[in-house]
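Observations on the three-dimensional arrangement
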Amino acid sequence: MQELEIEKRFYIPEEKIDKIRAHIIPNSSIYMNDFYVPNGKMHKDLRLRQKDDHYMITRKRPVKNDNLTTMLETTIELSKHEFDALSSNIKTNVEKERFIIDMFNRHGELDIFRGRHKGLVILEFEFKNNSDLLDFEKNVQLDLIDVTNIEWIAGGKLAETNFNQLKPKLTQLEKIC
């Protein structure tokens, strides 16, 4: 399956997490574990994803090189056996718990990271089309840091680091925003 994904991603500093958690839809928790496949490039764009008891391989590539808001996403479903075989030797993973939230009459995805990235929290909103995105940008004031186009916090790059390495960059980001 191939689809165009239009999204915005926001970093949530520790002092704002509880305010966002208040918008979680009950029983919406999904465990996710992404393994990023080495491709010889700086940014890995092919991932094996476990989403509770569903497994897939997904490639996400930007439609425009300088803008990560709109991505072309291609997904193929896998069996657990295929997932295990393909992911067994990959060390670059990102583990998180995803919650669906309801804010501003919109559903978003709240990612609370685990494992090596524990402490990182990202809020993501997806949009039906560019008009929907423009309406969001015009009418929604989140008071959060937009990290959509910051590559070092995107999944493929995130998989190569840990929260202790991210923390100084996040602190700097908080200071300038």
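Just so it is clear, the model here is predicted, and its values are computed rather than measured. (Residues numbered from 1 in each chain as written. Predicted model: local features only at pLDDT ≥ 70, side-chain atom pairs only at ≥ 80, totals over all residues. Heavy atoms only, no water.)

Re unusual backbone geometry
We count it as follows: The helix count covers DSSP runs of H or I at least four residues long, the strand count covers runs of E at least two residues long, and both are numbered beginning at the N terminus.
Notably, Asn27 is not glycine yet its phi reads approximately 60°, a positive angle. Within the secondary structure layout, Asn27 lies in the loop between helix 1 (17–21) and strand 2 (30–36).

Let's talk about the nonpolar core
This is how the line gets drawn: Buried Ala, Val, Leu, Ile, Met, Phe, Trp, Tyr and Cys residues that are joined via side-chain atoms within 4.5 Å together make up what is termed a nonpolar core. Exposure categories follow from relative accessible area, calculated using a 1.4 Å probe and restricted to protein chains: below 20% of the type maximum is buried, above 50% is exposed, and the middle band is partly exposed. Any two residues whose heavy atoms approach within 4.5 Å are treated as being in contact.
In terms of nonpolar packing, the biggest core is built from 19 residues, with Ile12, Leu110, Leu123, Phe125 and Leu142 touching the most fellow members. Among the elements of the structure, strand 1 (2–11), helix 1, strand 6 (93–103), strand 7 (106–113), strand 8 (121–127) and helix 3 (130–139) are those that each provide at least two residues to this core. Broken down by element, this core gets its largest block of residues, four residues, from strand 8. Those residues in contact with Phe125 that lie beyond four places of it in its chain are Ile6, Glu7, Lys8, Phe10, Ile101, Arg106, His107, Gly108, Phe136 and Leu142. If you look at the next biggest cluster of nonpolar residues, it comprises 16 residues, including Val147, Ile150, Ile153 and Ala159.

Overview of a nonpolar patch on the surface
Note the cut-off: Within the patch definition used here, like charges are joined within 9 Å and nonpolar side chains (Val, Leu, Ile, Met, Phe, Trp, Tyr) within 5 Å, considering only residues with over 30% relative accessible area and no salt bridge. The protein chains shown are the only cover counted for residues, whose accessible areas, like all others here, come from Shrake-Rupley with a 1.4 Å probe. For this analysis, a salt bridge means a side-chain nitrogen from Lys or Arg found within 4 Å of a carboxyl oxygen belonging to Asp or Glu.
Side chains of Leu4, Val63 and Leu72 sit close together on the surface and give an oily, nonpolar patch of about 270 Å² of accessible area. Here Val63 shows up in strand 4 (residues 54–64).

Observations concerning the pairing of strand 4
Our working rule: Any two strands are treated as partners once DSSP identifies two or more bridges connecting them.
Inspection of the sheet shows strand 3 (residues 46–51) paired to strand 4 by six bridges, in the antiparallel sense. The residue of strand 4 that forms the bridge with Leu46 is Arg59. Between strand 3 and the antiparallel strand that follows it, strand 4, lie two residues; Asp52 among them carries a positive phi value of about 55°. Looking at chain direction, strand 4 and strand 5 (residues 67–78) are connected through nine bridges and run antiparallel. Its bridge partner lying in strand 5, Arg59 is registered against Thr74. Remark: two residues form the turn of the hairpin made by strand 4 and strand 5, two consecutive strands paired antiparallel.

Re the packing of aromatic side chains
The criterion, for reference: A pair of aromatic rings is counted whenever rings of Phe, Tyr or Trp (Trp by its six-membered ring) have centres within 6.5 Å, and the orientation is called stacked for planes under 30 degrees apart, edge-to-face for over 60 and tilted otherwise.
Taken as a whole and assessed by the stated rule, the structure comprises five aromatic pairs. Arranged with centres 5.0 Å apart and planes meeting at 45°, the rings of Tyr55 and Phe83 form a pair that is tilted. Of this pair, Tyr55 sits in strand 4 while Phe83 sits in helix 2 (residues 80–87), and the two are 28 residues apart along the sequence. Summarising the aromatic geometry, the rings of Phe127 and Phe136 are spaced 5.0 Å apart at their centres and angled 55° between planes, so their arrangement reads as tilted. Each member of the pair, Phe127 as well as Phe136, is classed as buried. These aromatic residues form a ring-pair network of at least three members: Phe10, Phe125, Phe127 and Phe136.

Some words on helix 3
Operational definition: In this description, one arc is meant: the one made by directions from the helix axis to the C-beta atoms. Pairs of N or O atoms within 3.5 Å make up the polar contacts considered here, provided that, within protein, one atom can donate a hydrogen while the other can accept it, and that residues adjacent in sequence are counted only when both atoms are side-chain atoms.
By the burial criterion, the buried members of helix 3 are Asp132, Leu133 and Phe136. Each buried residue of helix 3 lies within a common arc of 100° when the element is viewed along its axis, so the set occupies one face. Among the exposed residues of helix 3, those pointing more than 90 degrees away from its buried face are Ser131, Leu134 and Lys138. The N-capping residue of helix 3, defined by a side-chain oxygen 3.1 Å from the backbone nitrogen of Ser131, is Asn129.

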